[in-house]
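Descriptive analysis of the structure
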Amino acid sequence: MSATQTSDVPTLLVKIFGKDRPGITAGLFDTLAAYSVDVVDIEQVVTRGRMVLCALVTEPPAGLEGDLRATVHSWAESMKMQAEIISGLGDNRPRGVGRSLVTVLGHPLTAESTAAIAARITKSGGNIDRIFRLAKYPVTAVEFAVSGTETETLRTALVTEAAALGVDIAVVAAGLHRRAQRLVVMDVDSTLIQDEVIELFAAHAGCEAEVAGVTAAAMRGELDFEQSLHARVALLKGLDASVVNKVREEVRLTPGARTLIRTLKRLGFQVGVVSGGFTQVTDDLKERLGLDFAQANTLEIVDGKLTGRVTGEIVDRAGKARLLRRFAAEAGVPLAQTVAIGDGANDLDMLNAAGLGVAFNAKPVVREAAHTAVNFPFLDTVLYLLGVTREEVEAADMHLDDH
């Protein structure tokens, strides 16, 4: 029966609610089967052991509706459930034009912030079609399916609301692309890892404070990155090349980094890093983490000593965006299917070029300009923005352990 054929056909909405237990769904449809009804729609939700099961079915043959109602109520009572049956016409109303997925991360997610988000969606002309929890820890993550308003309009309205509410909100267009292969490209310093690599080198050169000051100014956008890079690297002149191995050992991955990359790879995604740091570290990370792409600046080493210079193509703000496009082309992934993650001003061009730009524990100027922001110290929370649930991650890890 086509959608147009069902638009004015009498239907019954059968709602069953009560304590969840095995066999409820099968029992309801066994009961309905005796009345030769067709199933138009089904939805079932279980929250803290309480089930709500909704079945939209065609009206039974003439004269049998009363008997159907009595039988369903009797069956529900026997199962210690409650039943409600509502008459109507046709299927659910078609969803409005413009469909988006709104992911909200909170720690905690309060009733006040949830109310404000729902009100803002309504004010933007949107309707909430479904709500689904993606994770309960380390943050609460829920996903709203919204229709009736354009994604950009909704994103503008909600992202500005997020900071005031103390939550992180991502808004992406719904559609088949959500399931398509993607490319995820990350910054390294203070994103994939907790450190600034040049500061680790500077600690061995005894100029850590001076380098840190220049780095902070560059990340705030107060200095030209290339100039600051040359100024900082010059301070490392004369360091023994053996320091490279020491720095590699000192690098600390951001919590959740391994989980993020492992899960993305299982999903068939390609993963890369771009860094204003140095290939002496990113090449090692690429090998250790199984990354598909890695590009950074290269410290020049002559006769076993750092010369205080870098060689080759400079990876700066514009360079990161250029590399994102290059990686996407090599991966065969449309730019719209890319995700970029970064924290500093020199990541902004890359974040804006990507289909989804995520500011991770970023400076204010970056949070304001990116598509969305994550302000929790766990890199794997980015998975929730892609619709991956915590249960799916854990189940995949358990399956790996079994093998």
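That block above? That's the structure.
Just so it is clear, the model here is predicted, and its values are computed rather than measured.

**Some thoughts on the sheet that holds strand E6 (residues 127-135)**
Pairing is antiparallel across the open sheet formed by 4 strands, whose spatial order is E6-E7-E5-E8. Strands with a single pairing partner mark the edges of an open sheet, and in this sheet they are E6 and strand E8 (168-173). Averaged over all adjacent pairs, the angle separating strand axes in this sheet is 20°, with direction ignored. Pairing analysis gives 7 bridges linking E6 to strand E7 (residues 140-147), with the strands arranged antiparallel. Following the sheet pairing, Arg130 is matched in E7 by Ala145.

**So, unusual backbone geometry**
A cis amide bond, omega 5°, links His107 with the succeeding residue Pro108. Counting through the fold element by element, Pro108 comes out in the loop between strand E5 (99-106) and helix H4 (111-123). With an omega of 0°, the peptide bond between Tyr137 and Pro138 qualifies as cis. On the secondary structure map, Pro138 appears in the loop between E6 and E7. Unlike most non-glycine residues, Ser190 shows phi in positive territory, near 65°. Along the chain, the position of Ser190 falls in the loop between strand E9 (183-186) and helix H6 (197-205). One non-glycine residue, Asp303, lies in positive phi territory at about 55°. Within the secondary structure, Asp303 is located in the loop between strand E11 (293-302) and strand E12 (305-311). Look at Asp303 and you get exposed, because its relative accessible area is 76%.

**Describing the pattern of salt bridges**
Opposite charge on two side chains permits them to pair, given that their charged atoms come into close proximity. Going through the model one piece at a time under the given rule, you end up with 18 salt bridges. A salt bridge links Glu65 to Arg69; its shortest N-O distance comes to 2.9 Å. Linking Glu65 with Arg69, this pair stays in helix H3 (residues 65-78), spanning 4 residues, or about one helical turn. Close ionic contact of Asp187 with Lys320 constitutes a salt bridge, the shortest N to O distance being 2.9 Å.

**So, H4**
For H4, built from 13 residues, the straight-helix expectation of 18 Å at 1.5 Å per residue is met to within 8% by its first-to-last C-alpha distance of 18 Å. By the burial criterion, the buried members of H4 are Ser113, Ala116, Ile117 and Ile121. Buried residues of H4, viewed axially, fall in a sector of 135°; they line one side. Exposed and facing more than 90 degrees away from the buried side of H4 are Ala111, Glu112, Thr122 and Lys123. Positive phi appears at Gly125, one or two residues downstream of H4, with a value of about 90°.

**Focus on the nonpolar core**
Of all hydrophobic cores here, the largest spans 63 residues; its most connected members are Met186, Leu192, Phe201, Phe278, Leu285 and Ile341. Here this core takes 5 residues from H6, the largest share from any one element. If we ignore the near neighbours within four places in the chain, the residues touching Ile341 are Val184, Val185, Met186, Asp187, Thr191, Leu260, Met350, Leu351, Val358, Phe360, Leu379 and Val382. Counting residues in each nonpolar core, the second largest holds 22 residues, with Ala328, Ala340, Met350 and Val366 among its members.

**Things to note about empty space enclosed by the protein**
For the coordinates displayed, the defined rule picks out 1 cavity of 30 Å³ or more. One number sums up the size of the largest cavity: a volume of about 140 Å³. As for the largest cavity, its lining consists of 17 residues, of which Asp189, Glu196, Phe225, Gly276 and Gly277 are closest to the centre. Contributing elements (two or more residues each) for the lining of the largest cavity: H6, helix H8 (225-234) and strand E10 (270-278). Ranked by the residues each element gives to the lining of the largest cavity, the list is headed by E10, at 4 residues. Tallied by class, residues from the lining of the largest cavity come to 6 nonpolar, 4 polar and 7 charged.

What counts and what doesn't
Residues numbered from 1 in each chain as written. Predicted model: local features only at pLDDT ≥ 70, side-chain atom pairs only at ≥ 80, totals over all residues. Heavy atoms only, no water. Pairing = 2+ DSSP bridges. Helix = DSSP H or I, 4+ residues; strand = E, 2+ residues; numbered from the N terminus. Axes fitted to C-alpha atoms, helices over the stretch in contact; angles between N-to-C directions. Buried < 20%, exposed > 50% of the residue type's maximum accessible area, 1.4 Å probe, protein only. Salt bridge = Lys/Arg side-chain N within 4 Å of Asp/Glu carboxyl O. Expected span 1.5 Å × (residues − 1). Arc of directions from axis to C-beta. Core = buried A, V, L, I, M, F, W, Y, C linked by side-chain atoms within 4.5 Å. Contact = heavy atoms within 4.5 Å. 1 Å grid on protein atoms, 1.4 Å probe; cavity = no way out; pocket = protein on both sides within 12 Å on 5 of 7 lines; lining within 4 Å. Points joined across faces, edges and corners; volume = space filled by probe spheres on them. Nonpolar A, V, L, I, M, F, W, Y, C, P; charged D, E, K, R; others polar.

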